[in-house]
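# Observations on the three-dimensional arrangement
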Amino acid sequence: MTSASPFGRVVTAMVSPMRSDGSLDLDAAQRVAQHLIDHGHDGIVVNGTTGESPTTTDAEKVDLIRAVVEVVGDRARVTAGAGTNDTAHSVELARAAEAAGAHALLVVAPYYNKPPQSGLRAHCTAVADATGLPVMLYDIPGRSGIPFATETLLELARHPRIRAVKDAKGDLWAATKVMSETDLLWFSGDDVMNLSHLANGATGVVSVVGHVAGEVYAEMVAAVDKGDLARARELHRQVVPAVDAIMNITQGAIMAKAALKEIGVLDSAAVRLPLVEATPEQAAAVRGGLDTSGLM
């Protein structure tokens with residue numbers, strides 16, 4: 001499926017594994033990447049929010065890209081998060097990601113400082129101009145504080161390296177309008193909306209639940225491609241308990257690591273402050289959600 005997209009189509013925003021002392025565990029990162037490739041993925045995002053990018057250093061981000069690229073080889077596309085609320089810093093991260101071997105970039109709307117749409121356009125253009133890599137824009141106003149307006153996306157779509165949108169805004173009509181007027185590739189950026197986006201014409205998913213449901217999502221994408229919406233609905237409903245457990249109890253990185261520990265991919269579910277590790281009750285909820293969804 002990768003040939004249809006420079007980012008892949010079944011993509012997970014990968015966690016950044018850490019030891020109990022909080023240090024980055026590159027060996028565990030390679031295990032997670034291998035697990036994803038072995039379970040339906042043709043794309044991985046590193047250094048996104050689920051990868052705890054706000055609390056990893058620039059050097060750690062580069063090390064993580066290199067480790068994941070090394071293990072996946074040509075079997076998947078590796079997209080590196082380069083988004084910050086400082087355009088100069090984002091440009092530096094983009095160039096470092098390219099030098100480390102990343103295949104593409106993920107650029108989130110600058111958070112907290114809430115630039116106007118003209119500033120958002122200038123920010124994304126500056127990052128896209130900084131490298132030769134294809135860029136996926138990340139629209140998540142619930143975290144960034146600002147949405148990508150439809151007019152902004154229409155303008156940014158003219159840039160030759162801005163190729164895709166990861167949509168966690170959840171406005172299906174706005175997505176329809178942009179897809180109807182551009183050749184931007186669309187990705188569901190919210191697991192609760194995966195089927196809705198795919199049925200609306202999205203290319204694929206950038207998932208968190210994909211850490212444990214990659215094969216289900218790969219089959220769902222294939223089913224929508226074939227027009228078998230009945231099967232796609234079955235798969236979507238199968239993973240409802242897992243999605244609820246991972247996405248709707250507390251922060252996704254916390255629960256994704258707990259899920260990976262439950263299935264034996266990670267030994268440690270440690271996260272960095274201000275995140276805190278899943279409580280025993282939350283870990284039990286993850287275990288129950290995975291079991292009910294048939295993912296254990």
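The structure presented is a predicted model; accordingly, all values stated were derived computationally and were not measured.

What counts, and where the lines are drawn
Residues numbered from 1 in each chain as written. Predicted model: local features only at pLDDT ≥ 70, side-chain atom pairs only at ≥ 80, totals over all residues. Heavy atoms only, no water. UniProt positions renumbered as here; feature names shortened; annotations may be inferred. 1 Å grid on protein atoms, 1.4 Å probe; cavity = no way out; pocket = protein on both sides within 12 Å on 5 of 7 lines; lining within 4 Å. Helix = DSSP H or I, 4+ residues; strand = E, 2+ residues; numbered from the N terminus. Buried < 20%, exposed > 50% of the residue type's maximum accessible area, 1.4 Å probe, protein only. Pairing = 2+ DSSP bridges. Right-handed = clockwise from strand over helix to strand, strands pointing away. Contact = heavy atoms within 4.5 Å.

When the UniProt feature table is mapped onto this chain numbering, "active site" (unreviewed entry) sits at Tyr 138 and Lys 166. Taken along the chain, the residues just named run across 29 residues; in space they keep tight, none of their C-alpha pairs more than 4.7 Å apart. Among the residues just listed, Tyr 138 line the largest pocket. Position of Tyr 138 among the secondary structure elements: in strand β5 (residues 135–139). Look at Tyr 138 and you get buried, because its relative accessible area is 9%.

A few words now on the pairing of strand β7 (residues 185–188). Alternating residues of β7 divide into Leu 185 and Phe 187 and Trp 186 and Ser 188, and every residue in both groups is buried. Bridge analysis of strand β6 (residues 162–167) against β7 gives four bridges, and the strand direction is parallel. Bridge assignment links Ala 164 to a residue of β7, and that residue is Leu 185. In the classification by handedness, the crossover that spans β6, the intervening helix α7 (residues 172–181) and the parallel β7 is right-handed. With two bridges connecting them, β7 and strand β8 (residues 204–207) associate as parallel partners. By the bridge assignment, Phe 187 is partnered in β8 with Gly 204. Following the chain from β7 across helix α8 (residues 194–199) to the adjacent parallel β8, one finds a crossover that is right-handed.

When the UniProt feature table is mapped onto this chain numbering, "site: Part of a proton relay during catalysis" (unreviewed entry) sits at Thr 49 and Tyr 112. Lining the largest pocket, from the residues just named, are Thr 49. Take Thr 49: it is sitting in the loop between β2 (43–46) and α2 (58–72). Taking relative accessible area as the criterion, Tyr 112 reaches 75% and is therefore assigned exposed. Not counting residues within four places of it along the chain, the set of residues in contact with Tyr 112 comprises Asn 85 and Ser 144.

Moving on to the environment of Leu 229. Take Leu 229: it is sitting in helix α10 (residues 229–238). For the pair Leu 229 and Ala 199, spaced 30 residues apart in sequence, the C-alpha separation works out to 7.9 Å.

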